[in-house]
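Analysis of the macromolecular model
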Amino acid sequence: MIEVLYFAWVRERIGAPRERIETEAATVMGLIEDLRARDERYAWAFADMTSLRVAVDQELAGFDAPLAGVREIAFFPPMTGG
Amino acid sequence: MIEVLYFAWVRERIGAPRERIETEAATVMGLIEDLRARDERYAWAFADMTSLRVAVDQELAGFDAPLAGVREIAFFPPMTGG
Amino acid sequence: MRVIVQAEPFDLGALSNAFAEGAGGAGAVVTFTGLVRDNGGALSAMEIEHYPGMTEKAITAMVDEARARWALLDALVVHRYGRLAGGEAIMMVATAARHRAEAFAAAEFLMDYLKSRAPFWKKELTSDGAEWVAAREVDEAALKRW
Amino acid sequence: MRVIVQAEPFDLGALSNAFAEGAGGAGAVVTFTGLVRDNGGALSAMEIEHYPGMTEKAITAMVDEARARWALLDALVVHRYGRLAGGEAIMMVATAARHRAEAFAAAEFLMDYLKSRAPFWKKELTSDGAEWVAAREVDEAALKRW
């Protein structure tokens, strides 16, 4: 079970700030493909990968990051703080 | 008659903050040569031209600046504000 | 070194004074303050979302990186989240060093990283509706100079 | 736009708050504050001489030049003269612009010019005696980037 978090318009498209997901995917990209297949809300949220960022256990990561031992994944658009 | 002002160690070497000087010199450099010839305090103050700066009527200028029509000349070391 | 993430407004003046007084041996203090731009009254508010848990960790890592690059005597980062009105201060950065070059460079470095690597997202609320602020290419490009 | 040359101490915090509040439409405010470095207590005081008459004129010309180069919404320069104790603020610069790049660049530009082109001279008063601060080559070199 992985805790999956969504922020900003990713959260709005999916309609939830977080959820617990059971996955057999080996990487972040595998998880995204699982989610896309699940529902069109996910397909919409993950449509444009260039405007998507991911954090694995609260550190920025690449889509090829492995999921083994990971507790928390977050998906969000490019940051706009400051 | 030109009002001549001295600042920082130039003032200390000459021993006065300002004086009125009658000069026939055509340029700032001519005035410096007049002053150097006058007294060793001036010779000491104007010994190293690379560490000397001049303002003509309150604007930074070169040593070749003409004196015609000038009311105020100031001599000082490189600025160290900020 | 202090990192503050809060919903409440902060007092730029009080924080600046305390920072300058506490920066023993410093000759230079630089502050940057980011404000909600009030575009002729068109912007009514800004909503800032963040990622609790990751936010302070990410900012602390940036401050540590700044300290590794420049001889900083002190650094402060404050960033708000939640709803802010036009003209309100969103965040501030302060750096203290012996000379100005280090203080300026560290403040700009922290700002560039905060803009594009700290988990904050801004939504502009105007009379036309709400819209997520898009990341600016110039902000991503700014990271390349460090 | 304001240029203040005074012997009295100034309140960095109060000036920063007033500046940020008055900078309508600004998204970015940068301040720089120069402090008398207290070298482990060895420096007892600083004496700053200036050229009344020329000082405000020279600083105003620098601010005008900064406004010509960057789209500044506001700018402030405060510089003290006379005797200052270790840790006291010597001067400050504040700039306001829509985006941070302009505010940072203008503040650094003003600092570089103030350091080497505004008629101020500093004398350090230590337990070893009094000594005029020598101009640093790095400060003169800093002007070349603009």
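Quick summary incoming for the structure in this document.

What counts and how
Residues numbered from 1 in each chain as written. Chains lettered and ligands numbered in written order. Predicted model: local features only at pLDDT ≥ 70, side-chain atom pairs only at ≥ 80, totals over all residues. Heavy atoms only, no water. Contact = heavy atoms within 4.5 Å. Least-squares fit on C-alpha atoms with pLDDT ≥ 70 in both. Buried area = accessible area lost by both parts, 1.4 Å probe. Salt bridge = Lys/Arg side-chain N within 4 Å of Asp/Glu carboxyl O. Buried < 20%, exposed > 50% of the residue type's maximum accessible area, 1.4 Å probe, protein only. Helix = DSSP H or I, 4+ residues; strand = E, 2+ residues; numbered from the N terminus. Pairing = 2+ DSSP bridges. Phe/Tyr/Trp six-rings, centres within 6.5 Å; stacked < 30°, edge-to-face > 60°. Polar contact = N/O pair within 3.5 Å; in protein donor to acceptor, adjacent residues only side chain to side chain. Nonpolar A, V, L, I, M, F, W, Y, C, P; charged D, E, K, R; others polar. Arc of directions from axis to C-beta. Core = buried A, V, L, I, M, F, W, Y, C linked by side-chain atoms within 4.5 Å. Axes fitted to C-alpha atoms, helices over the stretch in contact; angles between N-to-C directions.

Take the arrangement of the chains next. For the three pairs of chains in contact, the largest share of contacts goes to chains C and D. With respect to C-alpha atoms, chain A approaches chain D no nearer than 10 Å, and the pair has no contact.

This part takes up the relation of the copies chain C and chain D. Once turned by 180 degrees and shifted 0.0 Å along the axis, chain C lies on chain D with an RMSD of 0.0 Å. With respect to symmetry, the two chain copies, as superposed, fit the operation of a two-fold axis. Among all C-alpha atoms of chain C, that of Gly13(C) lies closest to the rotation axis, at 1.7 Å.

In this complex, chain C contributes 25 residues to the contact, which on the side of chain A involves 20 residues. Roughly 1,800 Å² of surface becomes buried between chain C and chain A when both sides are summed, with 58% attributable to carbon and sulfur atoms. Of all residues in chain C, Tyr51(C), Trp121(C) and Trp132(C) give up the largest surface area on contact with chain A, accounting jointly for 36% of the area buried on that side. For the pair chain C and chain A, the number of links is two salt bridges.

Let us look at the pairing of strand E4 (residues 72-80) of chain C. All names here are of chain C. In terms of burial, E4 is a largely internal element, eight of the nine residues being buried. Sheet topology places strand E1 (residues 2-6) next to E4; five bridges connect them, and they run parallel. Note on E4: the bridge partner recorded for Arg2 is Leu76. Direction of pairing for E4 relative to strand E6 (residues 89-97): antiparallel, over a ladder of seven bridges. Across the sheet, Leu72 pairs through a bridge with Ala97, a residue of E6.

At Ala8(A), a residue that is not glycine, the phi angle is positive and equals roughly 55 degrees. Following the sequence through the fold, Ala8(A) ends up in helix H1 (residues 8-14).

Glancing now at the pattern of salt bridges. Throughout the structure, instances matching the rule amount to 28 salt bridges over all chains. Residue Arg136(C) pairs with Asp139(C) through a salt bridge whose shortest N-O separation is 3.4 Å. Judged by relative accessible area, which is 8%, Asp139(C) ranks as buried. Here the residues in one salt-bridge network are Arg100(C), Glu108(D), Asp112(D), Arg136(D), Asp139(D) and Arg145(D), joined through shared partners.

Across all of its chains, the model carries 25 aromatic pairs over all chains by this definition. Seen in terms of ring centroids, Phe76(A) and Tyr51(C) are 6.5 Å apart; in terms of plane orientation they differ by 65 degrees. Their pairing is edge-to-face. One end of the pair, Phe76(A), is in strand E5 (residues 72-76); the other, Tyr51(C), is in the loop between strand E3 (43-50) and helix H2 (54-69), on a second chain. Taken together, Phe7(A), Phe76(A), Tyr51(C) and Trp121(C) form an aromatic cluster joined through their ring pairs.

Residues and elements named next belong to chain D. Of all nine residues making up strand E6 (residues 89-97), nine are buried, and the element is well covered by its neighbours. For strand E2 (residues 28-35) and E6, the ladder comprises eight bridges, and the chain directions are antiparallel. Each residue of the ladder has a partner; that of Ala28, found in E6, is Ala97.

Counting residues at the interface gives 33 residues for chain C, matched by 33 residues for chain D. A combined buried area of about 2,900 Å² lies between chain C and chain D, and 51% of that area is made up of carbon and sulfur atoms. In terms of surface lost to chain D, no three residues of chain C exceed Arg37(C), Arg100(C) and Phe104(C), which account for 25% of the buried area on that side. Where chain C touches chain D, the interface holds four salt bridges. As a salt-bridge pair, Asp139(C) and Arg100(D) come within 2.8 Å of each other at their nearest N and O atoms. At the junction of chain C and chain D, the tally comes to 17 residue pairs in polar contact (both at pLDDT 80 or more). Element by element, the count of residues in the side of chain C that touches chain D is highest for strand E2 (residues 28-35) of chain C, at eight residues. A breakdown of the residues in the side of chain C that touches chain D according to their chemical character gives 13 nonpolar, ten polar and ten charged. Strand direction decides the pairing type here: E2(C) and E2(D), joined by seven bridges, are antiparallel.

In this section: helix H1 (residues 12-22) of chain C. Within H1(C), burial applies to Leu12(C), Gly13(C), Leu15(C), Ser16(C), Phe19(C) and Ala20(C). What you see down the axis of H1(C) is that its buried residues fit within an arc of 165 degrees, all on one side. Facing away from the buried surface of H1(C) by more than 90 degrees, the exposed residues are Glu21(C) and Gly22(C). The elements touched by buried residues of H1(C) are E1, E2, E4 and E6 of chain C together with helix H1 (12-22) and E2 of chain D. The opening residue of H1(C) is Asp11(C), an N-cap whose side-chain oxygen sits 3.0 Å from the backbone nitrogen of Gly13(C).

Residues and elements named next belong to chain C. Relative to the assigned elements, Tyr113 resides in helix H3 (residues 100-117). Remark: the alpha-carbon pair of Tyr113 and Trp146, spanning 33 residues in sequence, is separated by 9.8 Å. Not counting chain neighbours up to four residues away, the residues in contact with Tyr113 comprise Met62, Ala118, Leu143 and Trp146.

Now for the nonpolar core. Within the largest apolar cluster, 134 residues are counted, with the highest numbers of intra-cluster contacts made by Tyr6(A), Ile73(A), Phe75(A), Tyr6(B), Ile73(B) and Phe75(B). In this view, Ile73(A) contacts Ile2(A), Glu3(A), Val4(A), Leu5(A), Val28(A), Leu31(A), Val54(A), Ala55(A), Val56(A) and Leu67(A); residues no more than four positions away in its chain are not counted. Residues Leu12(C), Ala26(C), Phe19(D) and Leu76(D) belong to the second largest nonpolar core, which totals 32 residues.

Attention shifts here to the sheet that holds strand E1 (residues 2-6) of chain B. The pairing of strands in a sheet happens through backbone hydrogen bonds and is either parallel or antiparallel. All names here are of chain B. Taken together, the five strands give an open sheet; going across it, the order is E2-E1-E5-E3-E4, and neighbouring strands pair in mixed fashion. Edge positions in the open sheet fall to strand E2 (18-21) and strand E4 (59-61), since each of these has one partner strand only. Mean inter-strand twist for the sheet, computed between neighbouring axes without regard to direction, equals 30 degrees. When E1 meets E2, the two strands line up antiparallel, connected through four bridges. Residue Ile2 lies in a different strand from E2, and its bridge partner there is Ile21.

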